[in-house]
Amino acid sequence: PQSLALPPFVPRMAFRNGHVMTVAAWRRARTYPGLPPGEPRLFTTTPDTTVLAHVYWQSDRASRPTLLALHGLEGSIESHYMRGLASEAWARGWNAVLLNQRNCGGTEHLTPGLYHSGLTEDPFEVLAQLRSEGLSDFGIVGYSLGGNLALRMAGELATRPALAGLPVRAVAAVSPTMDLALCVDAIERPLNIFYQWHFMRNLRARMRRKAALWPGQYDLAPLDSLRTIREFDDAYTAPRAGFGTAANYYHQASAMRLIDRVTVPTLIIGSEDDPFEPPEQFRRPEVTGNPHVRMMVSRHGGHCGFVSADGYYAESTALTFLSAFRTS
């Protein structure tokens, strides 16, 4: 992956600030010319869990590569970058599968549980079902929390014997929260209070919907007193997923614990001015010492932004990277 020629990121002039880039990418109106409507598809991944995807099939889908796209915290298949990835993949002749994390995109009724940053079980089961249907060439792209998931999947492909032979050609992660504790520390800085408020507003609303749909499953008594993602994870995410505490959850679920074991071609796209993803995580020896992992860390880009004068750099670069490899 190190020898593949990939262009550097050149930001749109007005967005040469991490906060401006991040917020602009969230709020900027987008269109996706040429992308057909997605076909809803339900995947049962465990006996009590179903997840919703939107799939985009080429007419000869079995002979085409297939993109699996993973969104970030409180995102969904409707997140702008998810549909941007689908548009980019479709134009290049790929199939695309945009996958909701558990509960996201209005799917709280499909599972009693919650999603978390290390939950690779669902995307791996989706790939297994697609493989049983004749698809045999996959690429994975994840953003933010989905980037951590994508990198964990890359590491698990090399460490879990049950996954041996799963035809994943390459993986790309954009602004991945690969050291969860470090990223949560960063989002708790006073300068990032807007992002913390945004995520917590959505997380609290989701828990109220979950409690209404699954009576007796969730205690909402502490909910209104929670002000940070760490507090939310301590109260709900970590206990529900079996991690106990947020600190243990962040340690166990971080892709940093597996990145040195990755053997599939992997690309990480990050920026120095990401408001809540410190770039020092990309400089650790576990990352820099793995020849299968390529990093492209630019001066600008914000968090999941990467808006250039001619489009969305991370989406096109991720697909260029995936397209350079083939399954064996």
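Please refer to the structure placed before this passage.
Let me begin by describing the structure that accompanies this report. None of the values given here were measured: they were computed from a predicted structure.

### Section: helix H10 (residues 313-323)
Consideration 1: With 8 of 11 residues buried, H10 is to be regarded as a mostly interior element.
Consideration 2: When we look at burial in H10, the residues that qualify are Tyr313, Ala314, Glu315, Thr317, Ala318, Leu319, Phe321 and Leu322.

### Examining the environment of Thr317
Consideration 1: Along the chain, Thr317 turns up in helix H10.
Consideration 2: Judged by its relative accessible area of 3%, Thr317 falls in the buried class.
Consideration 3: When the C-alpha positions of Thr317 and Leu267 are compared, they lie 9.4 Å apart, and in sequence the two are 50 residues distant.
Consideration 4: Sequence-distant contacts of Thr317, defined by excluding residues within four places in its chain, comprise Leu6, Leu267, Ile269 and Met296.

### So, unusual backbone geometry
Consideration 1: The backbone of Glu74 shows a phi angle near 60°, a positive value even though the residue is not glycine.
Consideration 2: Mapped onto the fold, Glu74 is located in the loop between strand E3 (66-70) and helix H2 (80-91).
Consideration 3: Unlike most non-glycine residues, Ser144 shows phi in positive territory, near 55°.
Consideration 4: With respect to the secondary-structure elements, Ser144 resides in the loop between strand E5 (138-143) and helix H4 (145-159).
Consideration 5: Classification of Ser144 by relative accessible area gives buried; the value is 9%.

### Overview of the packing of aromatic side chains
Consideration 1: Summed over all chains, the structure comprises 15 aromatic pairs.
Consideration 2: With 5.3 Å between their ring centres and 40° between their planes, Phe232 and Tyr236 make a pair best called tilted. You can see Phe232 and its partner Tyr236 sitting in helix H7 (residues 229-241), 4 residues apart, about one turn around the helix.
Consideration 3: For Phe232, a relative accessible area of 4% corresponds to the buried category.
Consideration 4: An aromatic cluster is present here, built from Trp26, Phe194, Tyr195, Trp197, Phe199 and Phe276 joined pairwise through their rings.
Consideration 5: When the ring centre of Tyr312 is taken as reference, the NZ or CZ atom of Arg30 above it lies at 3.5 Å.
Consideration 6: Over the face of the ring belonging to Trp57 we find Arg61, whose NZ or CZ atom lies 4.5 Å from the ring centre.

### Quick notes on the side chain of Asn103
Consideration 1: By the secondary structure assignment, Asn103 is in the loop between strand E4 (95-99) and helix H3 (121-132).
Consideration 2: Overall, Asn103 belongs to the buried group, its relative accessible area being 0%.
Consideration 3: There is a polar contact of 2.7 Å between the side chain of Asn103 and the side chain of Lys210.

### Focus on the pattern of salt bridges
Consideration 1: Summed over all chains, the structure comprises 17 salt bridges.
Consideration 2: Across the pair Glu188 and Arg230 runs a salt bridge, and its minimum N-O distance is 3.1 Å. With Glu188 in the loop between helix H5 (180-187) and helix H6 (193-213) and Arg230 in helix H7, the pair connects residues that are 42 residues apart, well separated along the chain.
Consideration 3: The class of Glu188 is partly exposed, set by a relative accessible area of 30%.
Consideration 4: Judged by relative accessible area, which is 26%, Arg230 ranks as partly exposed.

Conventions and cut-offs
- Residues numbered from 1 in each chain as written.
- Predicted model: local features only at pLDDT ≥ 70, side-chain atom pairs only at ≥ 80, totals over all residues.
- Heavy atoms only, no water.
- Buried < 20%, exposed > 50% of the residue type's maximum accessible area, 1.4 Å probe, protein only.
- Helix = DSSP H or I, 4+ residues; strand = E, 2+ residues; numbered from the N terminus.
- Contact = heavy atoms within 4.5 Å.
- Phe/Tyr/Trp six-rings, centres within 6.5 Å; stacked < 30°, edge-to-face > 60°.
- Lys NZ or Arg CZ within 6 Å of the ring centre and 35° of its normal.
- Polar contact = N/O pair within 3.5 Å; in protein donor to acceptor, adjacent residues only side chain to side chain.
- Salt bridge = Lys/Arg side-chain N within 4 Å of Asp/Glu carboxyl O.

Bear in mind that shape data such as this cannot, by itself, settle questions of function.
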